[in-house]
Structure formats: C-alpha cells, structure tokens
Amino acid sequence: MSQVDVVVIGAGAAGMMCAAVAGQRGQRVVLIDHATKLAEKIRISGGGRCNFTNRVVRPEHFVSENRHFARAALEAYTPQDFISMVDRHGIAWHEKHRGQLFCDSSSDLIIKMLRQECDLGQVQWRMPDAVQAIEKTEMGFTLSTSSGPLETAKVVIATGGTAVPQVGATDFGLVWARRFGLKIIEPRPALVPLLFDTQMWAPFQVLAGVSLEAGLDVESMGAAKGGRQARAAHTPHFLEDVLFTHKGLSGPGILQISSYWQPGQPIELNLAPQHEMVAALINKKSQSRQQIVSVLGDLWPKRLAEQWLGSMAQLRIAEVSDQQLKILGERINRWSLMPTGTAGFKKAEVMKGGVDTNTLNQRTFEAKAVPGLHFIGEVVDVTGWLGGYNFQWAWASGFACGQSI
Ligand SMILES: Cc1cc2nc3c(=O)[nH]c(=O)nc-3n(C[C@H](O)[C@H](O)[C@H](O)COP(=O)(O)OP(=O)(O)OC[C@H]3O[C@@H](n4cnc5c(N)ncnc54)[C@H](O)[C@@H]3O)c2cc1C
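In this text, all values refer to a predicted model and were calculated from it rather than measured experimentally.

1. A word on the pattern of salt bridges
- Taken as a whole and judged by the stated rule, the model has 13 salt bridges.
- Where E117 meets R88, a salt bridge forms, and the shortest distance between an N and an O atom there is 3.6 Å. Of this pair, E117 sits in helix α5 (residues 108-120) while R88 sits in helix α4 (residues 79-88), and the two are 29 residues apart along the sequence.
- Of the charged contacts in the structure, one is a salt bridge between K326 and E330, with a shortest N-O distance of 3.7 Å. Residue K326 and its partner E330 are located together in helix α12 (residues 322-333), separated by four residues, close to a single helical turn.
- Residue class for E330 comes out partly exposed when judged on its relative accessible area of 32%.

Pasting the structure below:
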C-alpha cells in the first residue's frame, strides 16, 4: 500500500494551492480529484478570465456564522501574495471596477500556474480517481480509492461546495465532515438570482434584460418601524447593478444580497439611489411641463419607466397630485419585495454554510476533534462576496493549511 504524508482530496483552487505549498515544503503529497478536466470552476470563473482576487480583502467581505474565523488566514496570505505569484508566472492581468483583478486572456493560465506550482512540489496526481472511504487509524488515515488504497498521516478535504453540480461539484466534504462528527452549517445557494411569485412577477416579465444601478438591503424579519422595515443586523448595504429576468432579479447587486437573504425575509431596492425621489418629483412638478414618463426616463431605461408608471405614464407631471408623487417617489426609493426563493445550486456561484468553523483550528484548518483531518476552501462556512473574494479565501485557506501540515 502507498504511504504518503498528505492526501489532498479535490484539485480545485484551494486543493492545488495547499498541495503545492505542502509539496514545496518537502511533504510527500498526493492530490486526488474525481473529475476528468482539471479545475473546472477556475476555468469558467469570471466569464472565462478568472477574477482571481480583489485588491482590498477584509473579513467583512465574507459571510460566516463566525465572522472572526477567516481573519488569521486572510492576513497570512494577502491578495499581494497571490498577485506576486501571478506576476512570477508572467500572467498579464488588469483591474476592473472595485478592485477586482482578472486575467487579460484566459483563466486557463491560473490553472496552468497552479499545476506548475504543484509540479515544483513534486505532487503526485491521481485524477480521475474516486475516494470511497476514509478510515481513521492509529498512524493517520487509510483511504480506499478506485485506484487502490492509500495510507497517509494527514488528509485535507478541499472538494468545494455544491454549487454548479454540472461541472462536478459534490457534497463529498459535507458527507465526510458529518461522518467524522463535525457540525455543518446548513448549506444554501449564494451569489444566486432571486425568484418571485409568478403572479406577482407577471407585470415585470416584459422588463427581462433591463439593468440599472440600485441600492440593496435585506430587511429584518417583521421588524416594522413606523411603517418602514429596518435593515437586518450585520447585513451590509450594496450599491450595484440589478438585472430584471423572466422569473425575478439577477445581476451583481442581487447576487451580493442573496448571500445575506433568508427565506421569508423581504429585500428592499432603491431604484434611484442618487436621488431623494419624493422631493425631486415635487420640485420637478413646479418647473416642468414634461410627461412623467420622460422625467423617469431621464433616470432609467425607458422600458422600466413605462412599465413602472402604467396608466400614469402619459400624464404630464404637473397633472399628478402631490400625494401620488409621494407614493411614487417612496416606492422608487424603497421598493420592498418578498423573494419566494433562489434559482438554486445549479445557478449559484457558491455555496454558503458548510463545515462549522468552530470545529476547525483557524490557523491550520485541522478539525479540533479529529487530529490530521483538515477542511479548506468553499466547503468551510466562509463565503466571499462577489468580486474575487472566494478565490482569495481558497488561496488563503489552502496556503495556511499547506504551511502547517
Ligand atoms: C460560474 C462561477 C464563476 C465564479 N467566478 C468566480 C470569480 O471570478 N472569482 C471568485 O473569487 N470566485 C468565483 N467563483 C467561486 C469559486 O470558483 C469557488 O469559490 C472556488 O473555486 C472554491 O474553491 P475550492 O477549491 O474550495 O473548490 P473548487 O475550486 O470547486 O474545487 C473542488 C474540487 O474538488 C473536486 N471534487 C468534488 N467532489 C469530489 C469528490 N467526491 N471526489 C474527488 N474530487 C471531488 C472537484 O472536481 C474540484 O476540482 C465562481 C464560481 C462559479 C460557479
């Protein structure tokens, strides 16, 4: 039976980083993946150009039951550390809005880079290969795999989350965490479009394809204050584009807020975040003979203005009562909506929830109750915002674990 120091299961972002770092420290590492194609999620990421990190990465950019867990690993391996590796490999990159860094040409270059780093560490590949069982022994672990048994001192589970099963995502990490007695925070789709009741959404279906910048909040459940909902505790306010679809809403703003949304909770959109609309409309009324649809058309795509106003669209703003303008303005600045659900794991970019961070050491990612067993990357209950944060988590957790094993 083969004997090694470390078996890493899952050759994605976190697994390759961990295997490379451990291998380069002289550990005998085997890296196992069940897929036939390497690192599909990296390949499809960032529209094929991999938004591999963000210039500014702070613990606030992550959702977790334990908001402090990620700090140590994120501080020990920063975006600049990854940028240095990318530069060393001569990969050209550029910055898009809000500090998001992308490859100039293709995400394949990031995969190739990580593969080369693994080769530098003489990592042995077993791919495609399936792990059927992990058994704890006195010396470490025995793994049953489709290419034969393996004995190892340490196991790192880096099989990611369950989002996009179409490219080989599985619940392997969750299943084995449970079998070893680790608590799981309920896995849910995140960075995912939100859906609405079919009847409620019917009038908005014609807007499919319309996109605009909006302010987004999650409202606290049932906590009405003077007729208005309060923002839920610990949820950030986002200002991002929102996209109307046939079944609901998508776009970066909705993906961001989806990670904080709980079933049964309303969301609030500000569809004119740069304007206090009640005052702006009443002010306009005294100065303008424009049709109200043209007034909103100055702010919004025309299709949205027409649909939003319905039969009011053709009225001149001067003909609309102050009371009607007040209702209109308030609804534009505070559009409260109750999603019925999300588009699910097939459409989600990530899984939120996963292995409870309280069961792991935050510097080594070792399970406190199972010496030698580690969990890294998306399978852990740390979920990044949209914008390169999930990869930075994969690199940072992979690095920390690879350094410590
Ligand atoms: C469409 C899309 C676009 C994205 N774009 C970005 C982006 O631009 N920037 C960003 O930061 N994040 C992005 N993400 C999120 C990012 O891809 C993940 O958070 C990241 O890949 C997680 O890294 P990981 O190593 O934990 O898991 P993964 O990279 O998913 O790797 C897990 C590996 O485990 C293997 N595996 C799974 N089950 C088994 C099993 N049973 N046995 C053996 N092997 C197994 C898989 O084949 C895979 O190779 C995107 C996600 C999606 C779906």
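2. Describing the domain arrangement of the protein
- Here the domain parsing of the protein yields domain 1 (2-187 + 349-404) and domain 2 (194-342).
- Put simply, the middle of domain 1 and the middle of domain 2, counted by C-alpha atoms, are 39 Å apart.
- Listed per partner, the contact involves nine residues of domain 1 and twelve residues of domain 2.
- Summed over both sides, the interface between domain 1 and domain 2 buries roughly 870 Å², with carbon and sulfur atoms accounting for 48% of that surface.
- By the criterion of area lost to domain 2, the three top residues of domain 1 are R98, W385 and L386, representing 53% of everything that side buries.
- When the shortest N-O distance is used, the salt bridge between E240 and R98 registers 3.2 Å.
- Inspection of the domain 1/domain 2 interface yields five residue pairs in polar contact (both at pLDDT 80 or more).
- Taken together, the residues of the side of domain 1 that touches domain 2 sort by class into four nonpolar, one polar and four charged.

3. Re the packing of α4 against α5
- The contact between α4 and α5 brings their axes to 10 Å, and the two run at 90°. In terms of orientation, α4 and α5 fall into the roughly perpendicular class. On α5, the residues that touch F82, M85, V86 and R88 of α4 are I110, M113 and E117.
- The class makeup of the residues in the contact of α4 with α5 is five nonpolar, no polar and two charged.

4. Comments concerning the site of the ligand
- Lining the immediate surroundings of the ligand are 29 residues, of which A14, D33, T170, E378 and F391 lie closest.
- A distance of 3.3 Å separates a nitrogen atom of the ligand from a polar atom in the backbone of H34.
- Between the ligand and F391 there is a distance of 2.8 Å, counted from an oxygen atom to a backbone nitrogen or oxygen.
- Burial of the ligand by the protein amounts to 91% of the accessible area it has alone, namely 1,000 Å².
- When residues of the shell around the ligand are traced back to their parent elements, those giving at least two are α1 (13-24), α2 (40-44) and α13 (389-404).
- Broken down by element, the residue count for the shell around the ligand peaks at four residues, all from α13.
- Of the residues that constitute the shell around the ligand, the class distribution is twelve nonpolar, 13 polar and four charged.

5. Some remarks on helix α9 (residues 277-287)
- Of the residues making up α9, those classed as buried are M277, V278 and L281. Buried residues of α9, seen end-on, are gathered within an arc of 105° and therefore sit on one face of the element. Projecting away from the buried face of α9 at angles above 90 degrees are the exposed residues S286 and Q287.
- The secondary structure elements touched by the buried residues of α9 are α10 (292-297) and α12.

6. As for the packing of α9 against α12
- Packing of α9 against α12 leaves a shortest axis separation of 7 Å and a crossing angle of 140°. Classified by chirality, the crossing of α12 by α9 is right-handed. The residues of α12 that touch α9, namely those facing M277, V278, L281, I282 and K285, are D322, L325, K326, L328, G329, E330, I332 and N333.
- For the contact of α9 with α12, the residue count by class is seven nonpolar, two polar and four charged.

7. A word on the packing of aromatic side chains
- Throughout the structure, instances matching the rule amount to 24 aromatic pairs.
- Residues F52 and W93 carry aromatic rings whose centres are separated by 6.4 Å and whose planes lie at 90° to one another, so their mutual orientation is edge-to-face. Here W93 lies in strand β5 (residues 93-95) and F52 lies in strand β3 (residues 51-54), a separation of 41 residues in the sequence.
- Here F52 falls in the buried class, since its relative accessible area comes to 0%.
- With a centroid separation of 6.2 Å and an interplanar angle of 45°, the aromatic rings of W176 and F180 are classed as tilted. Per residue, the accessibility class of W176 equals that of F180, and both read buried.
- Ring pairing ties together the aromatic residues F62, F69, F238, Y260, F365, W385, Y389 and W393, which thus form one cluster.
- The ring of W125 has R115 lying over it, and the distance from NZ or CZ to the ring centre is 4.5 Å.
- Geometry around W308 places R331 over its ring, the cationic atom sitting 4.5 Å from the centre.

8. Some points on the sheet that holds strand β6 (residues 100-103)
- Here three strands make up an open sheet; going across it, the order is β3-β6-β5 and the pairing antiparallel. Both outer strands of the open sheet, β3 and β5, are each paired with one neighbouring strand and no more. Shown here is a sheet whose adjacent strand axes are inclined to one another by a mean of 25°, direction ignored.
- Pairing analysis gives three bridges linking β3 to β6, with the strands arranged antiparallel. Bridging from a neighbouring strand, N51 pairs with F102 of β6.
- Contacting β3, β5 and β6, α4 crosses the sheet at an angle of about 140° to β3.

The rules behind the values
- Residues numbered from 1 in each chain as written.
- Predicted model: local features only at pLDDT ≥ 70, side-chain atom pairs only at ≥ 80, totals over all residues.
- Heavy atoms only, no water.
- Salt bridge = Lys/Arg side-chain N within 4 Å of Asp/Glu carboxyl O.
- Helix = DSSP H or I, 4+ residues; strand = E, 2+ residues; numbered from the N terminus.
- Buried < 20%, exposed > 50% of the residue type's maximum accessible area, 1.4 Å probe, protein only.
- Domains from an automatic or database assignment.
- Contact = heavy atoms within 4.5 Å.
- Buried area = accessible area lost by both parts, 1.4 Å probe.
- Polar contact = N/O pair within 3.5 Å; in protein donor to acceptor, adjacent residues only side chain to side chain.
- Nonpolar A, V, L, I, M, F, W, Y, C, P; charged D, E, K, R; others polar.
- Axes fitted to C-alpha atoms, helices over the stretch in contact; angles between N-to-C directions.
- Parallel < 35°, antiparallel > 145°, perpendicular 65-115°, else oblique.
- Near = heavy atom within 4 Å.
- Areas by Shrake-Rupley, 256 points an atom, 1.4 Å probe, with all protein chains shown as cover.
- Arc of directions from axis to C-beta.
- Left-handed = near helix turned anticlockwise from the far one by under 90°.
- Phe/Tyr/Trp six-rings, centres within 6.5 Å; stacked < 30°, edge-to-face > 60°.
- Lys NZ or Arg CZ within 6 Å of the ring centre and 35° of its normal.
- Pairing = 2+ DSSP bridges.

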